[in-house]
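The primary structure of each chain is shown beneath.
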Amino acid sequence: MIDALVIGSGPNGLGAAITLARAGLSVRVLEAEDTVGGATRSMALTRPGFVHDVCSTVHALVAASPFLKRLPLEEHGLTFVHPPAPFAHPFDDGTAAIVERSVDATAASLGSGDGRAYRRLVAGFAARADELMEALLGPPGLRHPVLMARFGLAAIRSASGLAGARFRDERTRALFAGAAAHSMVPLDYAATAGYALGLIVAAHAVGWPVARGGSQHVADALASYLRSLGGEIETGVRVESLAQLPPARAVLCDVTPRQFLRIAGDRVPAGYRQRLERYRYGPGVFKMDWALDSPVPWRAPECRRAGTIHLGGSLTEIATSERDAWEGRVSDKPYTLLVQPTPFDPSRAPAGKHTLWAYCHVPHGSTADMTARIENQIERYAPGFRDCIAARHAMGPTELERHNANLVGGDIAGGAADLAQLFTRPVASLNPYATPLENVYICSSSTPPGVGVHGMCGHYAARAALERTFNQTRRQETEGGRQEA
């Protein structure tokens, strides 16, 4: 009998498997698709020779993750490429605000008043980023309480409220709103400021890098490391029911509540089933990939130095767009998150060519075609963009869910990430990873700490299994690979 089976090979599934294998257990990962990766895959979506990331592209949380950053992934083929600046935010007058790797350089670009306010808000957290990420990317609990108390005073506020109170210039407010909108939660909701702060701190501490050659290399490196520990991976195995699994001492499921209820069937007690059925999914995304004959012709030169660009004008415009998606409306001017990897990683396209990736938020399960709206947003800040397009590929919520069943209704966050559900993923519990089924666990982004390529959901679910199923006391990670008591 194998010790542990893991359903799903996304970063959390692989993270869970690695944690168990490092503890000396036999592990097998079962993946429905022909390649590993979950939402961390790369494919030729447009033309031969153009490498596109199907979902995730920017990997600040891989670099910041208290778990993943300690794994020897470089030895297994992963190399990060850092754009000179993490992200930029263009405006209609042809200028842009930009977040540099340096807090001081960023503050200097914002002018004297907002620069001082930005430094006061961010610098102390950036200086203690390792401790902050340990607390933010861990399960609920008291880690670094004084630091977290300071962070929480700002983070608990709405993004709109904090930006309006701290910054005078609409440009700085928009820059902050662009980061906060990654949350896919209305910006006047409590705790949306925390998303912006966490991402901005990561930008200064570790950057917003991309994986050289495509995000598939993140998943491939994790898979390679797992195999080096003796772990097994079987692709093309779609798990329709827990009953089809071979005998194992523990089962860890890198799936959202909807998939878990389907594969667990009538084994799930009625009370727990009802709680999972109340789990809420958030807005979806409409994603586009382009093969380009030339770089994006940004009017603002700052945008040429940044890997990620937030398109959406003012804080008010971004907030309206996010509110529309949350409440079931399609925005005519959607906040658009764009990544341009090839100016910094030319290996993703033929010589002189480029790839581009962007998405906007849409209502859950929306069937609206956002192609023209997204391209209009890019043209707004880069006139002549459409003349650069050699080929395009679009995926709405239905196509995204078909590609990956965890992307329910196009929700890439594994469930709505508002404050009401932030600490109750997938249910309110002292051990959110355990289920009422004996030795069966959930390890997806529908558990704490939630969305992001950080592997922490899988890591902590595996630690729960080590304690509950395998009676191993909690262990500390070492850089050498194995764990020590």
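Residues numbered from 1 in each chain as written. Predicted model: local features only at pLDDT ≥ 70, side-chain atom pairs only at ≥ 80, totals over all residues. Heavy atoms only, no water.

(A) Spotlight on helix H9 (residues 192–205). The first and last C-alpha atoms of H9 sit 20 Å apart over 14 residues, in line with the 20 Å expected at 1.5 Å per residue. Counting buried positions along H9 yields 12 of 14 residues, so the element is predominantly enclosed. For H9, the complete set of buried residues consists of Thr-192, Ala-193, Gly-194, Ala-196, Leu-197, Gly-198, Leu-199, Ile-200, Val-201, Ala-202, Ala-203 and His-204. Looking one or two places after H9, you find Gly-207, whose phi comes out positive at around 80 degrees. (Helix = DSSP H or I, 4+ residues; strand = E, 2+ residues; numbered from the N terminus. Expected span 1.5 Å × (residues − 1). Buried < 20%, exposed > 50% of the residue type's maximum accessible area, 1.4 Å probe, protein only.)

(B) Region of the structure containing the packing of helix H1 (residues 11–22) against helix H17 (residues 456–468). Between H1 and H17, the least distance of the axes is 7 Å, while the angle of their chain directions is 40 degrees. Relative to H17, the element H1 is oriented oblique. As H1 runs across H17, the sense of the crossing is right-handed. Residues Asn-12, Gly-15, Ala-16, Thr-19 and Leu-20 of H1 pack against Met-456, Cys-457, Gly-458, His-459, Ala-462, Arg-463 and Leu-466 of H17. Counted by class, the contact of H1 with H17 contains 6 nonpolar, 5 polar and 1 charged residues. (Axes fitted to C-alpha atoms, helices over the stretch in contact; angles between N-to-C directions. Parallel < 35°, antiparallel > 145°, perpendicular 65-115°, else oblique. Left-handed = near helix turned anticlockwise from the far one by under 90°. Contact = heavy atoms within 4.5 Å. Nonpolar A, V, L, I, M, F, W, Y, C, P; charged D, E, K, R; others polar.)

(C) Region of the structure containing the sheet that holds strand E14 (residues 354–362). If you trace the 7 strands from one edge of the open sheet to the other, you get E7-E6-E12-E13-E14-E11-E15, paired in mixed fashion. Each edge of the sheet is formed by a strand with only one pairing partner; in this case those strands are strand E7 (96–99) and strand E15 (389–395). Going across the sheet, the axis of each strand differs from the next one's by a mean of 20 degrees, ignoring polarity. Pairing geometry for strand E6 (residues 85–90) and E7, over 4 bridges, is antiparallel. Its bridge partner lying in E7, Pro-90 is registered against Ala-96. (Pairing = 2+ DSSP bridges.)

(D) A look at a nonpolar patch on the surface. A contiguous nonpolar patch, built from Ile-156, Leu-419 and Phe-423 and spanning about 280 Å² of accessible area, is present on the exposed surface. Taking the relative accessible area as the measure of exposure, Ile-156 reaches 43% and is therefore partly exposed. (Patch = residues over 30% accessible without salt bridge, like charges linked within 9 Å, V, L, I, M, F, W, Y side chains within 5 Å. Areas by Shrake-Rupley, 256 points an atom, 1.4 Å probe, with all protein chains shown as cover. Salt bridge = Lys/Arg side-chain N within 4 Å of Asp/Glu carboxyl O.)

(E) Inspection of unusual backbone geometry at higher detail. Across the junction of Arg-425 and Pro-426, the peptide omega takes the value -10 degrees, indicating a cis bond. When you line up the elements, Pro-426 lands in the loop between helix H16 (419–422) and strand E16 (440–442). A cis amide bond, omega 5 degrees, links Pro-448 with the succeeding residue Pro-449. Mapping Pro-449 onto the fold places it in the loop between E16 and H17. Even without a glycine there, the phi angle at Ala-191 is positive, about 75 degrees. With respect to the secondary-structure elements, Ala-191 resides in the loop between helix H8 (170–180) and H9. Residue classification places Ala-191 among the buried residues on the basis of a relative accessible area of 12%. Of note in the backbone geometry, Asn-439 takes a positive phi value of approximately 65 degrees without being a glycine. With respect to the helices, strands and loops of the structure, Asn-439 is situated in the loop between H16 and E16.

(F) Layout of the packing of aromatic side chains. This model, assessed by the stated rule, comprises 7 aromatic pairs. Here Phe-167 and Phe-176 contribute two aromatic rings whose centre-to-centre distance is 6.2 Å and whose plane-to-plane angle is 55 degrees, an arrangement assigned as tilted. With relative accessibility at 2%, the residue Phe-167 sits in the buried group. Judged by its relative accessible area of 3%, Phe-176 falls in the buried class. (Phe/Tyr/Trp six-rings, centres within 6.5 Å; stacked < 30°, edge-to-face > 60°.)

(G) Structural detail: the nonpolar core. In this structure, Tyr-118, Phe-176 and Leu-252 are the most contacted members of the largest nonpolar core, which totals 106 residues. In terms of residue count, H9 provides more of this core than any other element does, 8 residues in total. Non-local contacts of Leu-252, meaning those with residues more than four positions away in its chain, are made with Ala-4, Leu-5, Val-6, Ile-7, Ala-16, Leu-20, Tyr-441, Cys-443, Ala-461 and Ala-462. Counting residues in hydrophobic clusters, the runner-up holds 28 residues, among them Ala-85, Ala-96, Met-288 and Trp-290. (Core = buried A, V, L, I, M, F, W, Y, C linked by side-chain atoms within 4.5 Å.)

(H) How the structure looks around the side chain of Thr-447. Of note, Thr-447 is situated in the loop between E16 and H17. With residues near it in sequence (within four places) discarded, Thr-447 still touches Arg-425, Pro-426, Pro-432, Tyr-433, Ile-442 and Cys-457.

(I) Quick peek at the environment of Ala-16. On the secondary structure map, Ala-16 appears in helix H1. For the pair formed by Ala-16 and Arg-373, sequence separation is 357 residues and the distance between their alpha carbons is 39 Å. Residues contacting Ala-16, with those up to four places away along its chain left out, are Leu-252, Cys-443, Gly-458, His-459 and Ala-462.

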